[in-house]
Amino acid sequence: MTMTSAPDRFPAPPRIAVLGAGHVGPVIARVAIEAGYQVSIAASGDPAEIELIAQVLAPGAGPRWAADAAREADLVVLAIPLHKFAALDPTLVAGKIVVDVMNYWPPTDGVQEMFEDRRYGSSEIVQRRLARSAVVKTLNHLGYHELDDQRRAAGSPDRRALGVAGDDPRAVDVAAELVDRVGYDAVRFGSLSAGRLLEPGGPVFGVPLRRADFELAVHAQAA
Amino acid sequence: MTTAPSDAVTASAAEAVPFPLILGLDTFGDVTHDTNDRPLSHAQTIRNVVEQGVLADQVGADFFGIGEHHTDDFPMPAADVVLATIAARTDRIRLGSAVTVLSSDDPVRVFQRYSTLNAVSGGRAEVILGRGSSIDSFPLFGYDLADYEDLFEEKTSLFAELLKGGPVTWQGKTRASLHEQDVVPHTESGPFPAWVGVGGSPQSVIRAARYGFSLMLAIIGGSPARFAPFSQLFRQALERFGRAPLPVGVHSPGHVAVTDEKAREEFWPRYLEVIGRYSTIRGFAIPTKQSFLREIGPQGALYVGSPETVAQKIAANLTALGANRFDLKYGMGGLSHEALMTTIELYGTQVIPRVRELLT
Ligand SMILES: NC(=O)c1ccc[n+]([C@@H]2O[C@H](COP(=O)([O-])OP(=O)(O)OC[C@H]3O[C@@H](n4cnc5c(N)ncnc54)[C@H](OP(=O)(O)O)[C@@H]3O)[C@@H](O)[C@H]2O)c1
């Protein structure tokens, strides 16, 4: 598949740090690199341990310590298990756009007290703890095994839509541009609380939908 | 945009060492239904699995594996007992777990049980170790899901020590330490084959290489070809750890019937029912006819169809993945024992010879 990159709407594309080198992290790193971004990747420890993973699964992504990767980036993708989030130092990502791809689903994650307050979506709780970052929820509701294959050039009739939700409009723009350049239609939501529509058990979780169908599905649910 | 691996990767994949082709069958002991579509008892389901294993041997499958599960749909917590029964009635087929949930088990006990199976079967035992995506065993045995990484890492390291044979010295946080401990029964002729089942975590691939286990890719959804970089990652990691090449296998679900249409018609309603139920539990979308047809097509992970259709798909994916082993996970809750016996027979008598033909 070949894709023409979207025109540069940002003079300098944001530098991306992907935290997490498990199922999802390397795939996000790869598709971001292929969309023209500069990307680094980190796990919780020594970058030497993920060197081969970066080299084979996301060629071009520099393996880093998490703190270094985050410091040098404009946008940090959180692709770590939710139960590890409480141990993440918020100052690492202060002043950054944080793309939260984490999901909370107690039957598979176990019960996490911090995320049990049902009035809030998991990304709102993440935002509350990362008070000095602009959190955007996206890329959480498609499987890591789909992320690669389902990319399509802008305008393709079967292009899949992904939700992009956040309170900070500029951060939502940047994340939506990332989603679009990678190969998906970005459907914007102007608040993190709307991000609950993107969660497990919700109307679009794990469902490949084109923009029109995506919008129908979330409106039906929100109504 | 391409998914082409780097040059370094391609070079090492080309040097892939040929291992003998292995074509096996796996079951999770999915509860079967009788002719009135009523579920059979757990006990009858287990007895049927014994018959299925014996038939797998008779029709020429290389391996019969049983996946540990702890639910009403899959009453299969003691795979080794069932495997030992099959061992007593066969003398050729290899027998193993697919997988053993090592995270919530004691590696010493796992070693003892499979080393015992190896003894009674005359050296035909294998294990496939898994971290356990089937989370039912964690609460059952009092483990915290949040510890799954650490549990698997530690227990894999101990299992690797146990397999070497000889007195074991080991220290960790998840079980009592061992000091110069002799663990019996000793194996007769070195370690039995051990694999690590990997669902999509590259860190698990590296772990398998680090401890010298073979790699079993569990591909249960999406395009199989996207796993090709995992075989490359495995080969490169083995090299980096100074280990000799080791085999790579693929485990995927499917169903074989005389025609494509019959296979689809038998499998789809059961798939919808079982996978639909699990999707609800896990927060995923319920499968649709469209998503199902994608999965059974060339770009999907399911092997549902006539012997020819299934054989073509197996051969194509083994080639694409640089793998030398394929285990078909047959069965789906609600199918009849008779339908499963047909799948096994067609797999052994038609699919296996055809795949061998296609790959030589
Ligand atoms: N699986 C999917 O299809 C999918 C799809 C969308 C979203 N998600 C969400 O994405 C998240 C990650 O899932 P996964 O399946 O990729 O998990 P995973 O395979 O368990 O991998 C988690 C990764 O996070 C790293 N990590 C943990 N703490 C870290 C820290 N403080 N800083 C940097 N890295 C850290 C781990 O590295 P170490 O091993 O070094 O600790 C590991 O590489 C989850 O919240 C999940 O809900 C998953």
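The rules behind the values
- Throughout this document, residue positions are counted from 1 along each chain, in the order its sequence is written.
- Written order decides the labels, with chains lettered from A and ligands numbered from 1.
- In keeping with the model being predicted, local features are shown solely for residues with a pLDDT of at least 70 and side-chain atom pairs are shown and tallied solely at 80 or more, while totals for entire chains, interfaces and linings include all residues.
- To get the side-chain values, all heavy atoms of the structure are used, and hydrogens and water are removed first.
- For the purposes of this entry, the term helix denotes a DSSP run of H or I that reaches at least four residues, the term strand denotes a run of E that reaches at least two, and both are numbered from the N terminus.
- Relative accessibility decides the category of a residue: with a 1.4 Å probe and only protein chains considered, values under 20% of the type maximum give buried, values over 50% give exposed, and everything between is partly exposed.
- By definition in these notes, contact holds between two residues if any of their heavy atoms fall within 4.5 Å.
- Each residue is tested against the molecule or strand, and it is near if at least one of its non-hydrogen atoms lies within 4 Å.
- The protein chains shown are the only cover counted for residues, whose accessible areas, like all others here, come from Shrake-Rupley with a 1.4 Å probe.
- By the convention adopted, Pro, Cys, Tyr, Trp, Phe, Met, Ile, Leu, Val and Ala count as nonpolar, Lys, Arg, Asp and Glu as charged, and the other residues, Gly among them, as polar.
- Here, any two strands with at least 2 DSSP bridges between them count as paired.
- We call a crossover right-handed when, viewed with both strands directed away from the observer, the connection leading from the first strand over the helix to the second proceeds clockwise.
- Helix axes use the C-alpha atoms of the stretch in contact, all axes being lines fitted to C-alpha atoms, and the angles between their N-to-C directions lie in the range 0 to 180 degrees.
- Put plainly, a pocket is an open set of points on a 1 Å grid over the protein atoms alone with protein on both sides within 12 Å along at least five of seven lines, a cavity is a set where a 1.4 Å probe fits but cannot get out, and a lining residue has an atom within 4 Å of a point.
- Grid points are joined across faces, edges and corners, and a volume is the space filled by probe spheres set on the points.
- Throughout, the term roughly parallel applies to angles under 35 degrees, roughly antiparallel to angles over 145, roughly perpendicular to angles from 65 to 115, and oblique to all others.
- Left-handed describes a crossing in which the near helix is turned anticlockwise from the far one by less than a right angle; the clockwise case is right-handed.
- The rule is short: rings of Phe, Tyr and Trp, with Trp giving its six-membered ring, pair when the centres are within 6.5 Å, and they are stacked under 30 degrees, edge-to-face over 60, tilted in between.
- The criterion is simple. A nonpolar core is a set of buried Ala, Val, Leu, Ile, Met, Phe, Trp, Tyr and Cys residues joined through side-chain atoms within 4.5 Å.

**Brief notes about the side chain of B:T343**
All names here are of chain B.
- In this fold, T343 is placed in helix α12 (residues 337-358).
- Given the relative accessible area of 0%, T343 is considered buried.
- Once residues lying within four places of it in the same chain are set aside, the contact partners of T343 are H255, V256, L328 and Y330.

**Comments concerning the site of the ligand**
- Neighbouring residues of the ligand: 26 residues in total, closest A:A21, A:H23, A:S44, A:Y144 and B:Q203.
- The ligand sits at the junction of chains A and B, each of which supplies nearby residues.
- Relative to its unbound accessible area of 910 Å², the ligand is 83% covered by the protein chains.
- Here the shell around the ligand is composed, by residue class, of 16 nonpolar, 9 polar and 1 charged.

**Describing the pairing of strand β8 (residues 194-198) of chain B**
Residue and element names in this part refer to chain B.
- Counting buried positions along β8 yields 4 of 5 residues, so the element is predominantly enclosed.
- As paired strands, strand β5 (residues 125-130) and β8 are joined by 3 bridges and run parallel to one another. Among the inter-strand pairings, V127 is bridged to a residue of β8, identified as A194.
- Assessed by its sense of winding, the connection that carries the chain from β8 through helix α7 (residues 202-211) to strand β9 (residues 214-218) is right-handed.

**Some points on the pairing of strand β1 (residues 16-19) of chain A**
All names here are of chain A.
- The alternating pattern of β1 places I16 and V18 on one face and A17 and L19 on the opposite face, and all of these are buried.
- The sheet contact formed by β1 and strand β2 (residues 39-42) spans 4 bridges and is parallel. Bridge pairing in β2 links A17 to S40.
- Read as a crossover between parallel neighbours, the route from β1 over helix α1 (residues 25-34) to β2 is right-handed.
- Of the strand pairs in this sheet, β1 and strand β4 (residues 75-78) are connected by 4 bridges, and their pairing is parallel.

**Brief notes about the sheet that holds strand β7 (residues 161-166) of chain A**
All names here are of chain A.
- The strand order across the open sheet built from 8 strands is β3-β2-β1-β4-β5-β6-β7-β8, with neighbouring strands paired in mixed fashion. Of all strands in the sheet, those bounded by a partner on one side alone are β3 (62-63) and β8 (185-189).
- Both strand β6 (residues 134-137) and β7 contribute to a ladder of 2 bridges, which runs antiparallel. When the bridges of β7 are listed, K137 appears paired with A165.
- Relative to β6, helix α5 (residues 122-129) is tilted by about 165°, and along the sheet it contacts β5 (97-100) and β6.

**Looking at unusual backbone geometry**
- At the junction of B:A98 and B:V99, the peptide bond is cis and its omega measures out at 10° in the coordinates.
- With respect to the helices and strands, B:V99 occurs in the loop between β3 (94-97) and β4 (100-101).
- Cis geometry marks the peptide bond from B:V184 to B:P185, where omega comes out at -5°.
- Among the secondary structure elements, B:P185 is positioned in the loop between β7 (178-181) and β8.
- Its identity is not glycine, yet A:L139 carries a phi of approximately 60°, on the positive side.
- Among the secondary structure elements, A:L139 is positioned in the loop between β6 and α6 (144-147).
- Phi at B:E180 takes a positive value of approximately 45°, unusual for a residue other than glycine.

**Quick notes on empty space enclosed by the protein**
- By the definition in use, this model includes 4 cavities of 30 Å³ or more.
- The space that makes up the largest cavity amounts to roughly 140 Å³.
- At the level of elements, α1 of chain A together with α8 (228-240) of chain B are the ones that each hand at least two residues to the lining of the largest cavity.
- With 3 residues, the single largest contributor to the lining of the largest cavity is α1(A).
- Of the residues contributing to the lining of the largest cavity, the split by class is 8 nonpolar, 3 polar and 3 charged.
- The calculated volume of the second largest cavity comes to roughly 50 Å³.
- Taken together, B:I66, B:E68, B:P77, B:A79, B:D80, B:S97, B:V99, B:T100, B:D105, B:R113 and B:Y114 form the lining of the second largest cavity.
- Residue composition of the lining of the second largest cavity, grouped by class: 5 nonpolar, 2 polar and 4 charged.

**Quick word on the packing of helix α9 (residues 260-282) of chain B against helix α10 (residues 289-296) of chain B**
All names here are of chain B.
- Between α9 and α10, the least distance of the axes is 11 Å, while the angle of their chain directions is 125°. Viewed along their axes, α9 and α10 adopt a mutual orientation that is oblique. The two elements α9 and α10 cross, and the hand of that crossing is right-handed. Residues R264, F267, W268 and Y271 of α9 pack against K289, F292, L293, E295 and I296 of α10.
- Partitioned by chemical class, the residues of the contact of α9 with α10 number 6 nonpolar, no polar and 3 charged.

**Thoughts on the packing of aromatic side chains**
Residues and elements named next belong to chain B.
- Per the counting criterion, the structure on display carries 16 aromatic pairs over all chains.
- A centroid spacing of 5.3 Å and a plane angle of 55° characterise the contact between F227 and F230, whose relative ring orientation is tilted. Like F230, F227 is buried.
- Geometrically, the ring pair formed by Y271 and F292 is tilted, given 5.3 Å between the ring centres and 45° between the ring planes.

**Observations regarding the nonpolar core**
- B:F64, B:F159, B:F213 and B:I314 are the most contacted members of the largest nonpolar core, which totals 135 residues.
- Of the residues forming this core, the biggest block, 8 residues, is contributed by helix α7 (residues 169-182) of chain A.

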